[in-house]
Amino acid sequence: KNILQDLAFAKQVVKDLTSKKYQDINFPFLEPVDYVGLNIPHYLDFVKTPMDLGTVQKKLMNWEYANFDEFYDDVMLVFNNCYAFNPQGTDVHIMGKSLENIFKELMKN
Ligand SMILES: Cc1ccc(Nc2c(-c3ccc(O)cc3)nc3c(C)cccn23)cc1
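Residues numbered from 1 in each chain as written. Predicted model: local features only at pLDDT ≥ 70, side-chain atom pairs only at ≥ 80, totals over all residues. Heavy atoms only, no water.

(A) View of the overall build of the protein chain. In terms of regular secondary structure, the protein chain is built from six helices and zero strands. Of the regular secondary structure in the protein chain, the N- to C-terminal order runs α-α-α-α-α-α. For a compact globule of 109 residues, the expected C-alpha radius of gyration is about 13 Å, and the protein chain comes in at 14 Å, within 12% of that figure. By its C-alpha atoms, the protein chain is 40 × 25 × 20 Å across when sized along the principal axes. Counting the 109 residues in the protein chain, one finds 40% classified as buried. In the protein chain, once contacts between residues fewer than 6 apart in sequence are set aside, the share between residues at least 24 apart is 63%. Surface exposure of the protein chain reaches about 6700 Å², of which carbon and sulfur atoms provide 55%. Measuring between centres, the 11 positive side-chain charges of the protein chain sit 5 Å from its 15 negative side-chain charges. (Helix = DSSP H or I, 4+ residues; strand = E, 2+ residues; numbered from the N terminus. Rg over C-alpha atoms; globule rule 2.2 N^0.38 Å. Buried < 20%, exposed > 50% of the residue type's maximum accessible area, 1.4 Å probe, protein only. Contact = heavy atoms within 4.5 Å. Areas by Shrake-Rupley, 256 points an atom, 1.4 Å probe, with all protein chains shown as cover. Lys, Arg positive; Asp, Glu negative; His and termini not counted. Charge placed at Lys NZ, Arg CZ, Asp CG, Glu CD.)

As structure tokens, then:
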């Protein structure tokens, strides 16, 4: 695949992940974590590089990814940040795992 086809595929994957179809599990990941509003001021002690799917979409639109792997790494950063902060068994951790599984399935296409 060339970079243009990779970008088009990446945009479709993020469009799907952020769609209403998964609205019950994607909402904590659509925008930057609002650690003030969520009253978790210590969030940045756990997470050195915040990332969210909205920011990934913006980076795709602005040609900020040199290759598909950089896109993939940012999406996995969203999930790994989630697991670093939200302990196993918590709702948000479980939502992250569910959405990550959907992401991995979409990547098989
Ligand atoms: C006291 C407390 C405990 C856990 C949370 N997690 C959390 C997160 C979150 C998502 C990604 C991430 O990397 C970190 C946090 N998003 C939310 C939302 C949207 C509602 C409720 C809880 N949420 C919030 C407050």
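(B) Main features of the side chain of D52. Relative to the helices and strands, D52 is located in the loop between helix 3 (43-46) and helix 4 (53-61). No salt bridge is formed by the buried D52; its nearest oppositely charged neighbour, K58, is found at 6.2 Å. A polar side-chain atom of D52 sits 2.9 Å from the main-chain amide nitrogen of G54. Looking at D52, its side chain comes within polar contact range of the side chain of T55, at 2.5 Å. Apart from residues no more than four positions distant in its own chain, D52 is found in contact with F29, L30, E31, P32 and V78. (Salt bridge = Lys/Arg side-chain N within 4 Å of Asp/Glu carboxyl O. Polar contact = N/O pair within 3.5 Å; in protein donor to acceptor, adjacent residues only side chain to side chain.)

(C) Region of the structure containing the pattern of salt bridges. Per the stated rule, a full pass over the model turns up five salt bridges. Ionic pairing is found between D16 and K21, a salt bridge with its closest N-O pair at 3.0 Å. Exposure remark for D16: the relative accessible area of 16% places this residue in the buried category. When its relative accessible area of 56% is taken as the criterion, K21 is described as exposed. Among the salt bridges present, the one from E105 reaches K108, with a minimum N-O distance of 2.7 Å.

(D) Highlighting the packing of helix 4 against helix 5 (residues 68-85). Between helix 4 and helix 5, whose axes approach to 9 Å, the crossing angle comes to 165 degrees. When the axis of helix 4 is compared with that of helix 5, the two are roughly antiparallel. Note on packing geometry: the crossing formed by helix 4 with helix 5 is right-handed. When helix 4 is examined against helix 5, the residues L53, V56, K59 and L60 are found in contact with a partner set consisting of F71, D74, V75 and V78. Here the contact of helix 4 with helix 5 is built from residues that sort into six nonpolar, no polar and two charged. (Axes fitted to C-alpha atoms, helices over the stretch in contact; angles between N-to-C directions. Parallel < 35°, antiparallel > 145°, perpendicular 65-115°, else oblique. Left-handed = near helix turned anticlockwise from the far one by under 90°. Nonpolar A, V, L, I, M, F, W, Y, C, P; charged D, E, K, R; others polar.)

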